[in-house]
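# Architecture at a glance
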Amino acid sequence: MAKILLMQFLALSLYTFFVGFCFCDGFKLHILRKLVWFITFLAISIYILKIKNQFDLALILPIPTLLAILLCGYEKKRKSK
């Protein structure tokens, strides 16, 4: 069980790195929007961990991914004006 939890944690860490830093920094997302994204991601991850006793990636990843896309789209639209 500990090995599975470690692998799930590693997958979430890589996801956080690539989406949180590469994607959000690529769109030059404002720091407050990045914090909103990270807090949302953390809250969902902790909630799922408490409910399921594991990091269920299928339940965790859709909301932060959609939020990142929406925030970056908003930032791009706002900066183009």
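Up top is the structure.
Scope of this entry: the structure provided in the associated data block. Since the model is a prediction, treat every value here as computed from it, not as a measurement.

## Examining the overall build of the protein chain
Each helix and strand counted, the protein chain has four helices and zero strands in total. Oriented by its inertia axes, the alpha-carbon framework of the protein chain measures out at about 50 × 20 × 20 Å. A buried classification covers 28% of the 81 residues belonging to the protein chain. Long-range pairs, those at least 24 residues apart, make up 65% of the contacts in the protein chain with a sequence separation of at least 6. Here the protein chain displays about 5,700 Å² of accessible surface, and carbon together with sulfur accounts for 76% of that area.

Definitions and limits used
- Residues numbered from 1 in each chain as written.
- Predicted model: local features only at pLDDT ≥ 70, side-chain atom pairs only at ≥ 80, totals over all residues.
- Heavy atoms only, no water.
- Helix = DSSP H or I, 4+ residues; strand = E, 2+ residues; numbered from the N terminus.
- Buried < 20%, exposed > 50% of the residue type's maximum accessible area, 1.4 Å probe, protein only.
- Contact = heavy atoms within 4.5 Å.
- Areas by Shrake-Rupley, 256 points an atom, 1.4 Å probe, with all protein chains shown as cover.

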